[in-house]
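Examining the three-dimensional arrangement
Each chain, letter by letter, is given below.
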Amino acid sequence: MGFRSWLRERFSRSARQRNQRGTASTRAPERPVELAPGIPASEWEPVPAYLPVDPAEHLPACIIAAALAAGAQETSKLAVKRISIANPEYQRVAVIATALGAGALNKSSFAVKHIYKKKNTEGTQSNAA
């Protein structure tokens, strides 16, 4: 057995699953998922980059998009599965965040991967006085 085959056997997905089944009782309790250190994911919800739109309301846009995608191919068939529009809240936050970052570091570039907002927990708490 060579070194690579030993590594593959020792660290493969199936070997990890065998080890997890055998040591399930000795595992430490799992910590809650965090978005960043000290920020639990249960208190935040993701902001979608695009919002869904009903295709029936935008029939002309669907027809034009299908015609452009089909091009000169008369025999082609195209089905529009979903239409989305850009979320203005997501765009606004992304522009502000990258502008603030670029102001601090002039020769840099940023990519916004995820935006989260704090969940509204006012309705779930009871107002006992």
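Residues numbered from 1 in each chain as written. Predicted model: local features only at pLDDT ≥ 70, side-chain atom pairs only at ≥ 80, totals over all residues. Heavy atoms only, no water.

When you go through the chain residue by residue, the secondary structure sums to 4 helices and 6 strands. Here the chain holds 129 residues, and 9% of them are scored as buried. Of all intrachain contacts in the chain linking residues separated by at least 6 positions in sequence, the fraction that spans at least 24 positions is 63%. When the accessible surface of the chain is totalled, it reaches about 11,600 Å², and 57% of it is carbon and sulfur. (Helix = DSSP H or I, 4+ residues; strand = E, 2+ residues; numbered from the N terminus. Buried < 20%, exposed > 50% of the residue type's maximum accessible area, 1.4 Å probe, protein only. Contact = heavy atoms within 4.5 Å. Areas by Shrake-Rupley, 256 points an atom, 1.4 Å probe, with all protein chains shown as cover.)

A surface patch of nonpolar side chains, amounting to about 370 Å² of accessible area, comprises Phe3, Trp6 and Phe11. Structurally, Phe3 can be placed in helix α1 (residues 3-11). Residue class for Phe3 comes out exposed when judged on its relative accessible area of 59%. (Patch = residues over 30% accessible without salt bridge, like charges linked within 9 Å, V, L, I, M, F, W, Y side chains within 5 Å. Salt bridge = Lys/Arg side-chain N within 4 Å of Asp/Glu carboxyl O.)

With respect to the helices, strands and loops of the structure, Asn87 is situated in the loop between β5 (83-86) and α4 (88-104). Given the relative accessible area of 6%, Asn87 is considered buried. Other than its neighbours up to four places away in sequence, Asn87 contacts Val47, Pro48, Ala49, Tyr50 and Leu51.

Right, let's talk about the environment of Ile39 for a bit. Relative to the helices and strands, Ile39 is located in strand β2 (residues 39-40). Looking at Ile39, the relative accessible area reads 33%, which means it is partly exposed. Leaving out residues up to four positions away in the same chain, Ile39 has contacts with Glu34 and Trp44.

Let us now look at the pattern of salt bridges. In the structure shown here, the tally under the stated rule is 1 salt bridge. Between Glu43 and Lys118 there is a salt bridge; the shortest N-O distance is 3.3 Å. One end of the pair, Glu43, is in the loop between β2 and β3 (44-46); the other, Lys118, is in strand β6 (residues 116-118), with 75 residues separating them in the sequence.

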